[in-house]
Amino acid sequence: MASRKRGLKFCPETNDLLYPREDKERRVLEYYCKTCNYCVQADPSEWCVYVHATIVDEKDKITTLYDVTSDPTLPRTRDVRCPKCNHNEAVFVSEPTEQGMTLYFHCVACKEKWRDYV
């Protein structure tokens, strides 16, 4: 994707910020000044007003929204060893996948997270 110049635009008369809006009758994007009603039609290369880019890192794919080790409703096991601290108790949750089942473990001692493919 080609990089386009994006940024704030200012009124040439009052130096106030120009705000984007749609002219619904002509179906075009325009920028207008709230102070003096100055208005200019946006160039087609400026039609993208906002870009939200998300980069997902592999380590961020295992996300825990809260401390699952203190949740008494989740299953626990003593049949695994934590790869970080070697503790033998962990909370786990399972997720079905195309290859079988994935188990997500959370060590109750050091809060380390890891997964196992079953």
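Our subject is the structure that appears above.
As the structure is a prediction and not an experimental result, all values here were calculated from the model.

Peer 1: Quick question: what am I supposed to make of the sheet that holds strand β4 (residues 76-77) here?
Peer 2: The strands making up a sheet associate through hydrogen bonds between their backbones, and the pairing can be parallel or antiparallel. Reading across from one edge, β4-β5-β6-β7 is the order of the 4 strands in this open sheet, with antiparallel pairing throughout. Strand pairing shows two members of the sheet lacking a second neighbour, β4 and β7 (113-117), which therefore form its edges. In the sheet, β4 pairs with strand β5 (residues 90-97) via 2 bridges, with the strands oriented antiparallel. Paired with Thr 77 across the two strands is Ala 90, which belongs to β5.

Peer 1: Looking at this structure, I do not really get the side chain of Thr 77. What am I missing?
Peer 2: Residue position: Thr 77 is located in strand β4. Looking at Thr 77, its side chain comes within polar contact range of the main-chain nitrogen of Asp 79, at 3.1 Å. Beyond its immediate sequence surroundings of up to four residues, Thr 77 is in contact with Asn 88, Glu 89, Ala 90, Phe 92 and Phe 105.

Peer 1: What exactly am I supposed to notice about the side chain of Thr 69 here?
Peer 2: Tracing the sequence through the fold places Thr 69 in the loop between β3 (39-41) and β4. A polar contact of 3.3 Å, which involves the side chain of Thr 69, links it to the side chain of Lys 111. If near-sequence neighbours (up to four positions away) are discounted, Thr 69 is found in contact with Arg 76, Val 91, His 106, Cys 107, Val 108 and Lys 111.

Peer 1: What is the right way to look at the pairing of strand β6 (residues 100-107) in this model?
Peer 2: On a regular strand, one side chain projects to one face of the sheet and the next to the other, so that they alternate. Of all 8 residues that make up β6, 6 are buried, and the element is covered over most of its length. When β5 meets β6, the two strands line up antiparallel, connected through 8 bridges. In the sheet register, Phe 92 faces β6, and the bridge partner there is Phe 105. Here β5 folds back onto β6, and the loop between the two strands holds 2 residues. Where β6 and β7 come together, 5 bridges link them in antiparallel fashion.

Peer 1: What's the story with the nonpolar core in this structure? I'm lost.
Peer 2: Side chains that are nonpolar tend, in soluble globular proteins, to be buried together. Formed by Val 80, Cys 82, Ala 90, Leu 103, Phe 105, Cys 107 and Trp 114, the largest nonpolar core amounts to 7 residues. Among the elements that line this core, the one with the most residues is β6, at 3 residues. The contacts of Cys 107, once residues within four sequence positions are left out, are Thr 69, Cys 82, Cys 85, His 87, Glu 89, Ala 90, Glu 112 and Trp 114. Cys 11, Leu 18, Cys 33 and Ala 42 belong to the second largest nonpolar core, which has 6 residues in total.

Each value, and the rule that gives it
- Residues numbered from 1 in each chain as written.
- Predicted model: local features only at pLDDT ≥ 70, side-chain atom pairs only at ≥ 80, totals over all residues.
- Heavy atoms only, no water.
- Pairing = 2+ DSSP bridges.
- Helix = DSSP H or I, 4+ residues; strand = E, 2+ residues; numbered from the N terminus.
- Polar contact = N/O pair within 3.5 Å; in protein donor to acceptor, adjacent residues only side chain to side chain.
- Contact = heavy atoms within 4.5 Å.
- Buried < 20%, exposed > 50% of the residue type's maximum accessible area, 1.4 Å probe, protein only.
- Core = buried A, V, L, I, M, F, W, Y, C linked by side-chain atoms within 4.5 Å.

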